[in-house]
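Structural description and commentary
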Amino acid sequence: MNTAAQLFFDAASLGGIYAMAALGIALIFGVMNLVNFAHGQYIAFCVFALIVPSTDAVAVMFLGRAPAFLLIPLLLAVGAAAAVASEYAVFRHLRKATPVAMMISSFALGFVIQNALLATYGGRPKAISLWPELNTPVTVMGASVPLLQLIVILATLTVVAGLALLLKKTRIGLEMRAAAENFTMARLLGVRANVVITGAFALSGALAAAVALIMATQTGVADVRMGGQIMLVAFIATVIGGLGSLPGAVAAGFLIGAVSVLLQAYLPLDARPFRDAFLYTLVIVSLLVRPQGLFVPSSAKPRV
Amino acid sequence: MSRLGVFDVSVRYGKVPALTDVTLHIGEGERIFISGPNGAGKSSLLKAISGAVPTAHGRIELDGDLLTGRPPEAVARLGLSMVPEGREIFGRLTVEENLRVGTGIRRDADAVEGDIAEIYRAFPILAERRHASAGALSGGQQQMLAIGRALMTNPKLMMVDEPSLGLAPKIVDQVYDTLVALQEERGLTLLIVEQSSVRAGRVGGRMILLRGGQVVGEGDAAAFADKDALTEAYFGKTGKEAAE
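A brief report on the enclosed structure follows. It should be emphasised that the depicted structure is a prediction, and the values quoted were computed from it without experimental measurement. (Residues numbered from 1 in each chain as written. Chains lettered and ligands numbered in written order. Predicted model: local features only at pLDDT ≥ 70, side-chain atom pairs only at ≥ 80, totals over all residues. Heavy atoms only, no water.)

1. A closer look at the interface of chain B and chain A
Tallying the contact residues gives 24 residues for chain B and 19 residues for chain A. Taken together, chain B and chain A are joined by 2 salt bridges. The salt bridge involving A:Arg187 is made with B:Glu73; its shortest N-O contact spans 2.6 Å. Our enumeration of links across chain B and chain A arrives at 10 residue pairs in polar contact (both at pLDDT 80 or more). Within the residue set of the side of chain B that touches chain A, elements represented by two or more residues are helix H2 (72-77), strand S6 (80-83) and helix H3 (95-101) of chain B. Here the side of chain B that touches chain A takes 4 residues from H2(B), the largest share from any one element. Of the residues in the side of chain B that touches chain A, the class split is 11 nonpolar, 6 polar and 7 charged. (Contact = heavy atoms within 4.5 Å. Salt bridge = Lys/Arg side-chain N within 4 Å of Asp/Glu carboxyl O. Polar contact = N/O pair within 3.5 Å; in protein donor to acceptor, adjacent residues only side chain to side chain. Helix = DSSP H or I, 4+ residues; strand = E, 2+ residues; numbered from the N terminus. Nonpolar A, V, L, I, M, F, W, Y, C, P; charged D, E, K, R; others polar.)

2. So, the packing of aromatic side chains
All names here are of chain A. One pass over the full model with this rule turns up 6 aromatic pairs over all chains. When the centroid spacing of 4.6 Å and the interplanar angle of 50 degrees are considered together, the rings of Phe48 and Tyr121 count as tilted. Of this pair, Phe48 sits in helix H2 (residues 39-48) while Tyr121 sits in helix H4 (residues 99-121), and the two are 73 residues apart along the sequence. For the pair Phe48 and Tyr121, a shared accessibility class is recorded, and that class is buried. One aromatic cluster is present, formed by Phe37, Phe107 and Phe235 through successive ring pairs. (Phe/Tyr/Trp six-rings, centres within 6.5 Å; stacked < 30°, edge-to-face > 60°. Buried < 20%, exposed > 50% of the residue type's maximum accessible area, 1.4 Å probe, protein only.)

Here it is, written out as structure tokens:
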């Protein structure tokens, strides 16, 4: 077995998930200086949208029953709609609030979503079976990797390339980039604040849905708490990448994925249970050395 | 009917009044200078017109359309464009992307490419650097870009806030030459905030003098520049220094 190739696929697929989640956070931060801590709950919401609402222990597939070519766009739309709805219900009323007030509201929104899921689906994790055949291992470059890992890597590259194209080549992309840099000036040039912000939330929600599809396939579980951990890592990735910087968020997502896989592989056995402690120590060190983010030129002005 | 009408407009920041009962009119194709010392309310007036700050009182109309109470993006759609103080170009966007940001509101999408070519003819340096990121331009080039960007919305009225700020006098001459030429070509209506009455007098136009948030004088810019005593009275010593 080829260890290097194995590690590479592990790191790239884990990093890909982090990168997609981090992008979802960075997109919204870019246009409205909001760190949306409800992003993790968008992910959980999308996972539960796959199954029929019920508190029964056995999950019955709902959207999850649709064939992939329908399910994927459908769930992306569900994620986008959930995020846009939350903007409409909550953040739209806080446009003039301080970033701290918005952030705390996002926590509150996260709890509301989580508890709504809890009330609808019950607290016990449920086994779900979404595309189980994707977990069968295939051999690539001497490494045995689940097909899903390859798909995740491919999906991440597609998402990043698609997003880059959207931002570079479309009208809404141009407006979003202009608004991310100077919202007031963009509005003075006729860029509609609501359109740009709704667009950012829709993209962010669709990214959450993509992460949800991957997590549901990978873990085979629907759990109301499932967005929390990845939200934390994704948030750290956006900070390390330089808040609001999309390339930075992607790079940092991959970096954190790589570092956690390497730590898992090379830490002494006794220390492995404490992998995350080592990971977060590295995060602290990186923030001490480059508080503005690893992937932002040091001349850039701080955004927060 | 005047192009821009400002009727009894007041602006307050909290309890601090920035503008009090300002009334002014600008005719189509006219060039107006707003002048006055620091804190006179020049920028507040521009912000109130553009919708960036709310008015506490009064009414603002552009070609009879009510601007007051509308957000900046709606005001821009009604035909008002702004070259803000400090230029505020999008540094991470390319020069050409900067020019395109404001074209989303235009109904004549076919004319956009031609207009971009025209901006490049007026500012050849921008054409040369069209794919460079705008943050890499010099101050003077950024001012040109900010003007080009404002023109690309095809405005009825263009407002320019302190175009001479932070630029070498020679560059300021260029900026004003360009503005005047553009105005003559396009029949543009221009409202320019200019602290230096001497500069305004040299360029020529009508001048409105603000002080303490109120209109305290109005007349031909050249006449204002000549009247040293008057300038002294309104600007004090610092104003006169700034004028030179």
